[in-house]
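Observations on the model geometry
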Amino acid sequence: MSDKIVKYLVSVFFPAATLYVCWWLAVEVGEIVAVFAFVLLGANYYWLMRKVGRSDK
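First, a word on what this report is: a plain description of the structure on this page. Source: prediction; values computed, not measured. (Residues numbered from 1 in each chain as written. Predicted model: local features only at pLDDT ≥ 70, side-chain atom pairs only at ≥ 80, totals over all residues. Heavy atoms only, no water.)

**Let's talk about the packing of helix H1 (residues 2–28) against helix H2 (residues 31–54)**
- Two elements in contact, H1 and H2, have axes separated by 8 Å at closest approach and are oriented at 170°. Here H1 is positioned roughly antiparallel relative to H2, judged by the angle of their axes. From H1, Lys7, Val10, Ser11, Phe14, Pro15, Thr18, Leu19, Val21, Cys22, Leu25 and Ala26 reach across to H2, where they touch Glu31, Val33, Ala34, Ala37, Phe38, Leu41, Asn44, Tyr45, Leu48, Met49 and Val52. (Axes fitted to C-alpha atoms, helices over the stretch in contact; angles between N-to-C directions. Helix = DSSP H or I, 4+ residues; strand = E, 2+ residues; numbered from the N terminus. Parallel < 35°, antiparallel > 145°, perpendicular 65-115°, else oblique. Contact = heavy atoms within 4.5 Å.)

Written out as structure tokens, the structure is:
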């Protein structure tokens, strides 16, 4: 049961945190850095969700 809760929390809060960080970077540093961070964090999220999905099996 707790695994489902952790998966749900990660799947909700990680993308929200990613968008916030990228928005902040776009305002403070520049759009190029924000796009690079978005791609990096998006790939990290994809890897994390695949790893969490494999832990069920």
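That was the structure; now back to the text.
**What about the packing of aromatic side chains?**
- Tallying each qualifying case throughout the model produces two aromatic pairs.
- Relative to Tyr45, the ring of Phe14 lies with its centre 5.6 Å away and its plane at 15°, an arrangement referred to as stacked. Placement of Phe14 in helix H1 and of Tyr45 in helix H2 is noted, with a sequence separation of 31 residues between them.
- Between Tyr20 and Trp23 the ring centres are 5.7 Å apart and the planes differ by 40°, which places this aromatic pair in the tilted class. Of this pair, Tyr20 and Trp23 both sit in helix H1, three residues apart, which is roughly one turn of that helix.
- On the basis of relative accessibility, which here comes to 53%, the residue Trp23 falls in the exposed class. (Phe/Tyr/Trp six-rings, centres within 6.5 Å; stacked < 30°, edge-to-face > 60°. Buried < 20%, exposed > 50% of the residue type's maximum accessible area, 1.4 Å probe, protein only.)

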